[in-house]
Amino acid sequence: DQQVKQNSPSLSVQEGRISILNCDYTNSMFDYFLWYKKYPAEGPTFLISISSIKDKNEDGRFTVFLNKSAKHLSLHIVPSQPGDSAVYFCAASNNGAGSYQLTFGKGTKLSVIP
Amino acid sequence: DVKVTQSSRYLVKRTGEKVFLECVQDMDHENMFWYRQDPGLGLRLIYFSYDVKMKEKGDIPEGYSVSREKKERFSLILESASTNQTSMYLCASSSGQFYSPLHFGNGTRLTVT
């Protein structure tokens, strides 16, 4: 059973516009959520995170929104740049239970068109 | 910056060989993890370790074992490599503090022929 779902395998966005990547989860015990960015032949790099006590976290062009009641989070990138083209993974963990392992979604490939 | 180093970027091994994938982190992190990444399947956890000489099975441990003799080093062992273990293997570490992210190495692309 997939606990973290990214239902869009790919997304294309024009440079300068907003990119919105979505993620749904089923485990209500998850209390920490992260987004990772991955370029081909490289390991994932941490982008931004949010704990369940918040509903929004911002870092420059990147904002993550969390809707606990809907078990949904999203990553907004504004404005999108060609260098943002990568695979984005959503991940979640239950830190409160002492679990630091992350459960990942299958990823969304973002293509930003110049 | 945290540095997680995987000893090989690319490996080609034959079916039945014993394979060692090595990972070293330089930030004195408590936790270390091995994931594999496959197209359409995302990242799946193989094994993890919260302390030296401790190990826990992840979601897909079959066919793998691990060793953590020193805090900074976490090894993944394929006892008898098979073609379905052809994959990208990713090592990660984290500090063990609440709400600390995992930091990943650049991965080892293993091909088993």
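Draft legend 1. Representation of the sheet that holds strand β7 (residues 64-70) of chain B in the model. Residue and element names in this part refer to chain B. One open sheet holds the four strands; their spatial order is β1-β3-β8-β7, and the pairing between them is antiparallel. The sheet terminates laterally at β1 (4-6) and β7, the two strands that pair on one side only. For this sheet, the mean inter-axis angle between neighbouring strands, taken without regard to orientation, is 20°.

Draft legend 2. Representation of the state of the cysteines. All names here are of chain B. Applying the stated rule across the entire model yields two disulfides over all chains. A disulfide bridge connects Cys 23 with Cys 91, and the sulfur atoms are separated by 1.9 Å. Note on the Cys 23 and Cys 91 pair: the S-S dihedral is about -80°, so by sign convention the disulfide is left-handed. Of this pair, Cys 23 sits in strand β3 (residues 19-25) while Cys 91 sits in strand β9 (residues 87-94), and the two are 68 residues apart along the sequence.

Draft legend 3. Broad picture of the packing of aromatic side chains. In this structure the tally under the stated criterion is 13 aromatic pairs over all chains. Taking the centre distance of 6.0 Å and the plane angle of 70° together, the rings of Phe 104 of chain A and Phe 104 of chain B count as edge-to-face. Here Phe 104 of chain B lies in strand β10 (residues 103-104) and Phe 104 of chain A lies in strand β10 (residues 103-104), a pairing that spans two chains. The residues Phe 104 of chain A and Phe 104 of chain B share a single accessibility class, namely buried. Here the aromatic residues Tyr 36, Phe 46, Phe 89 and Phe 104 of chain A together with Phe 33, Tyr 35, Phe 48, Tyr 50 and Phe 104 of chain B are joined through ring pairs into a cluster of three or more.

Draft legend 4. Representation of the nonpolar core within the structure. Ranked by size, the top nonpolar core spans 23 residues in total, and within it Phe 33, Trp 35, Leu 73, Leu 75 and Tyr 88 of chain A carry the most contacts. Contributions of two or more residues to this core are made by β3 (19-25), β4 (32-38), β5 (45-51), β7 (62-67), β8 (72-77), β9 (86-93) and β11 (108-113) of chain A. If you tally residues by element for this core, the top one is β9 of chain A, at four residues. In this view, Phe 33 of chain A contacts Tyr 25, Ile 48, Ser 49, Ile 50, Ser 52, Leu 66, Leu 73, Ala 91 and Ala 92 of chain A; residues no more than four positions away in its chain are not counted. Core analysis: the second largest hydrophobic core is formed by 20 residues, Val 19, Tyr 47, Leu 78 and Val 112 of chain B among them.

Criteria and cut-off values
- Residues numbered from 1 in each chain as written.
- Chains lettered and ligands numbered in written order.
- Predicted model: local features only at pLDDT ≥ 70, side-chain atom pairs only at ≥ 80, totals over all residues.
- Heavy atoms only, no water.
- Pairing = 2+ DSSP bridges.
- Helix = DSSP H or I, 4+ residues; strand = E, 2+ residues; numbered from the N terminus.
- Axes fitted to C-alpha atoms, helices over the stretch in contact; angles between N-to-C directions.
- Disulfide = S-S within 2.5 Å.
- Phe/Tyr/Trp six-rings, centres within 6.5 Å; stacked < 30°, edge-to-face > 60°.
- Buried < 20%, exposed > 50% of the residue type's maximum accessible area, 1.4 Å probe, protein only.
- Core = buried A, V, L, I, M, F, W, Y, C linked by side-chain atoms within 4.5 Å.
- Contact = heavy atoms within 4.5 Å.

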